[in-house]
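Take a look at the letters that make up each chain.
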Amino acid sequence: MEVLHVITPLFVSLIVGGTFVGIVFGAIPGMTATMAVAVCLPLTYSLGLENGLALLLGLYVGGISGGLVPAILLGIPGTPSSITTCFDGYPMCQRGDGEKALRIGIISSLVGGLISLAVLYFFAPTLADFAIQFSYVEKFLIILFALTVMAALSSDMLIGIFSGFLGLLVSLIGTYGIESGGNGEIRLIPPGLEYWLESGFALLPVLIGLFGLAAILEEAEIGVPESQSARNVRLGAGTGFSLSVFRGQIGNLIRSSGIGTFVGILPGVGGSAASILSYTATKALSSHPETFGKGEPAGVIASESGNNGLTGGALVPLMSLGIPGDSTTALLIGAFTLQGIQVGPLFIGQNPVTWDAIIVAMLIANLAMFAMMYFAIRYIARVVSVPKPILFPIILMMCVIGAYTINYGIMFDVWSLLIFGLFGWLAQKLRLEIAPFIIGFILGPSAEIYFVKSLESFGDLTIFFTKSWIAVVLWILIAASVAGSVLLARKTRRAREGR
Amino acid sequence: MNLTRRTILAALSATALLAPLVAAAQELPRNVRLVIGSNSTGGDTYQNAAIVADALAEKLGINIKVDAVGPTEAFKAVGRDSRGTTLMIHHDQSYLGYLYGVRGYEDIFASYKIGPTVSVNPGNAYLVPKDSPYKSMADILAAAEKGERVRVAIQPGGVSEIGFSAMKYAAHAAAPGSEANLVPVNTGSQSDKDQALFDNLADVINGSIQSNEQYTQLPADDQKAMRFVWITARPETLRKAPEAGMGAMTRDDMLKFASPETSVPLGEGKDFTFDKVFFFIYNKDMDPAIVAQIDEALAEVYADGKIEKRLTDAFFIPDFRPSDEARAHLQEKNDTYARIISEIGEPSN
């Protein structure tokens, strides 16, 4: 076992240290796992390949996992991939179950991470071969399936769909980039604003504007009564945590981890789609879908096992094809090339020690993440006890810093934060739905690229139905999800009429 | 005149306040932001910038932070700042984007100051499936001449397209009209181009030695197996690569796919070649003293030799040329490619 020579105290320390820093990055709204890895990438040259990877993989796992903390406690997704954690985690927190939601999220993250790691270790080359069967057509249908959740996320289905398509439209503002295969032309920009909007609105500022700033504006409008200022939410006022919450959720855990892993395997589909798809599938299959979005633990389980499932999945195409599965693993390629190591279809066979070191590093990172977060929950959860007049300015400052740094110092991103903060505040008054809006915004660019490229490549719309058996299966899932949403909407309406 | 303690303190304070401003007009500031024309922190532009920034910062005793802001924001940032606080590193895309009429690209020779070159990535290449009927570039050009439609996956508007433009130029020179049979398949990232080959949506793809070499080692019955048909780098550039090459491909193997052994004619007995060169871009009004300072510092860094090892380890060819020489070299490349692009009827500004 040559890999044992690699597992030195330094190797383990770098993983643990990287995981800790990653959790901090993930927990600060606007800072992401990608950013944490980018900051530390230059260090890997002096650390050597295995130690460098140990640090980066710790940052990756920590960064993806840390996003659940603000998503649950503050209702602000720390990273785009924790967006669906907000939907049920935050309502749980509001009713006093914040600590319970955190424990559920952390355990789900660990399970998702370990399942995807097992898949990575045992099936990487085989799954990479399967992944290349997914052309533009199948990728578009996957995005379309994820988009179907828009209809089911709001109290009024039509408003949900409208809000989702509005988000999709806004996401297309800017340049149809040649780096994505586009024509490099701008679209949907009002005259005179080309200088500012040619790159469009960046995801993170929009996300933290809609979820962070808008919430602060709403609270500011209501005002903070003196009696409530000291205690935002009563800690432990809810039902308390026990492992029995996972009873009946094993299928959810495995399915969501599998979906997250699978989305990671498909290059270009994007990390946020992992948790959205897991959430969509879980809600569609639930016997009580009406409880989702109102503090349903199954929603937190689906979201967190899905986004941590991504971590192992995204390494499959990287290690088996030399193609990154998401934006963070794209940076890992830099660590290899800085050391003069090629990644491609022969990497695993030619570099068995490095491959084993990667697996061991991922395993330790997942366990370290669990240990650090699970046992620190009591302290982390106290953030909700901080009086709002102190907490909100701190959140606001973190949001602004996060928006400014996400694209390495572009001031327009801070303006985006403010614009979408105001939009989010106004949207509540106009009865628009923020959750479908942001899902449309996240998935819009991928939907556009894959749709246009499908037509460019195959000629006409029939290809979406005839391309492959995978396309047929995806259409069945889409139809089931839409039908489920319609039935749910009817049920909700009847219940309202009954009252 | 009595020199009171207050007068002396005031004079010292004023000197202390003004000193950085005076210094800023003559040399690089203490903290420098190096923006790059790529959003990726895993790509070759970032790697080059990081290696050069490390060495330059150490040499000058300053801080240099590399920011992957992408071409649009990088040009804006460097265009705003003439103090030397913001510098840029990019590659041939910076002028090819303008030649191809891509939005957001200006004529860098007119709008900016060209700084020194730092390295070359010799990896730009074209590949076909391993079981393709096309065994070489000659086969591809012959197929186009016979009227066969050959689909080439590229990312339009720059480095990825220039080799394709050269193919069209060569096809046109061999048999006017045959260039229309070389059809671009516009894709984005390298994985999109690879996927286009796996899906049989393209017959030829633009790729690189670094990304695609391992695919060439796969058996022919593997859907992913590929074969190089052309490496665009100049042979003299490739000869500076490590003898062992990359993966199973030695330097000698690489030379078989490059000019003159693999020829894409440019006319007048010359072959088309393309080295992807990384270089500094400055604000047009940046103080010439700062330009000279960077040139001198980099000359010493390259003379020292340590940076060469780091660049070579990452499969780059060290290629330092001071600003004036770099400008002349890049202008010559620009003019050559402008001619190709305009003669095949592609947009050229």
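Residues numbered from 1 in each chain as written. Chains lettered and ligands numbered in written order. Predicted model: local features only at pLDDT ≥ 70, side-chain atom pairs only at ≥ 80, totals over all residues. Heavy atoms only, no water.

Q: Could you clarify how one ought to interpret the overall build of chain A in this entry?
A: Of regular secondary structure, chain A possesses 24 helices and two strands. What you see for chain A is a C-alpha radius of gyration of 22 Å, in line with the 23 Å of a compact globule of 499 residues. Counting all 499 residues of chain A, 59% fall into the buried class. Considering only contacts in chain A between residues 6 or more positions apart, those separated by 24 or more positions represent 78%. Surface summary for chain A: the accessible area is close to 18800 Å², and the carbon and sulfur share equals 68%. Positive and negative side-chain charges of chain A, numbering 24 and 27 respectively, have mean locations separated by a distance of 14 Å. (Helix = DSSP H or I, 4+ residues; strand = E, 2+ residues; numbered from the N terminus. Rg over C-alpha atoms; globule rule 2.2 N^0.38 Å. Buried < 20%, exposed > 50% of the residue type's maximum accessible area, 1.4 Å probe, protein only. Contact = heavy atoms within 4.5 Å. Areas by Shrake-Rupley, 256 points an atom, 1.4 Å probe, with all protein chains shown as cover. Lys, Arg positive; Asp, Glu negative; His and termini not counted. Charge placed at Lys NZ, Arg CZ, Asp CG, Glu CD.)

Q: What's the story with empty space enclosed by the protein in this structure? I'm lost.
A: Using a probe with the size of a water molecule, rolled over the atoms, empty space left in the structure can be pinpointed. Residues and elements named next belong to chain B. Applying the stated rule across the entire model yields four cavities of 30 Å³ or more. Each pocket or cavity is described by its volume, and for the largest cavity that value is around 70 Å³. With three residues, the top contributor of residues to the lining of the largest cavity is helix α8 (residues 190-198). When grouped by side-chain class, the residues that make up the lining of the largest cavity number seven nonpolar, two polar and one charged. (1 Å grid on protein atoms, 1.4 Å probe; cavity = no way out; pocket = protein on both sides within 12 Å on 5 of 7 lines; lining within 4 Å. Points joined across faces, edges and corners; volume = space filled by probe spheres on them. Nonpolar A, V, L, I, M, F, W, Y, C, P; charged D, E, K, R; others polar.)

Q: Explanation requested: the confidence of the model for chain B in the structure shown.
A: Do not read the predicted coordinates in detail wherever pLDDT is low. The predicted model of chain B has a mean per-residue pLDDT of 90, with 91% of residues at 70 or higher. Taken together, the stretch residues 20-25 of chain B has pLDDT below 50 and engages in three contacts with residues farther than four places along the chain or on a different chain. (pLDDT = per-residue confidence, 0-100.)

Q: Please explain the packing of helix α16 (residues 297-321) of chain A against helix α19 (residues 352-380) of chain A as it appears in this structure.
A: Angle between the axes and distance between the axes are the two parameters that describe a pair of packed helices. Residue and element names in this part refer to chain A. The contact between α16 and α19 brings their axes to 12 Å, and the two run at 170 degrees. When the axes of α16 and α19 are compared, the pair comes out roughly antiparallel. Here N308, T311, G312, L315 and M319 of α16 lie close against α19, whose contacting residues are W355, I358, M362, N366 and M369. (Axes fitted to C-alpha atoms, helices over the stretch in contact; angles between N-to-C directions. Parallel < 35°, antiparallel > 145°, perpendicular 65-115°, else oblique.)

Q: It is not clear to me how the interface of chain A and chain B should be interpreted in this structure. Could you clarify?
A: Where interface size is quoted, it is often the accessible area lost as the parts come together. Each side of the interface is counted separately: chain A has 47 residues, and chain B has 43 residues. On inspection of chain A and its partner chain B, the count reaches three salt bridges. Between K76 of chain B and E198 of chain A there is a salt bridge whose closest N-O contact spans 3.4 Å. Elements that contribute at least two residues to the side of chain A that touches chain B include exactly α11 (194-197), α17 (327-338), α18 (347-350) and α22 (434-458) of chain A. Looking at the side of chain A that touches chain B element by element, the count peaks at six residues for α17 of chain A. (Salt bridge = Lys/Arg side-chain N within 4 Å of Asp/Glu carboxyl O.)

Q: Can you walk me through the side chain of S275 of chain A in this structure?
A: By the secondary structure assignment, S275 of chain A is in helix α15 (residues 271-285). Setting aside residues no more than four positions away along its own chain, S275 of chain A makes contact with S81, I83, T84, S303 and N307 of chain A.

Q: Quick question: what am I supposed to make of the domain arrangement of chain B here?
A: Residue and element names in this part refer to chain B. The assigned domain composition of chain B is domain 1 (28-122 + 276-343) and domain 2 (124-271). Of note, the centres of domain 1 and domain 2, computed from C-alpha atoms alone, are 27 Å apart. At the interface, 21 residues of domain 1 touch 23 residues of domain 2. Considering only the surface of domain 1 that becomes buried against domain 2, Y100, P122 and F315 emerge as the three largest contributors, covering 37% of it. On inspection of domain 1 and its partner domain 2, the count reaches zero salt bridges. The interface formed by domain 1 and domain 2 contains seven residue pairs in polar contact (both at pLDDT 80 or more). Per-element accounting of the side of domain 1 that touches domain 2 gives the leading share, six residues, to helix α14 (residues 323-343). In terms of residue class, the side of domain 1 that touches domain 2 is built from 10 nonpolar, six polar and five charged. (Domains from an automatic or database assignment. Buried area = accessible area lost by both parts, 1.4 Å probe. Polar contact = N/O pair within 3.5 Å; in protein donor to acceptor, adjacent residues only side chain to side chain.)

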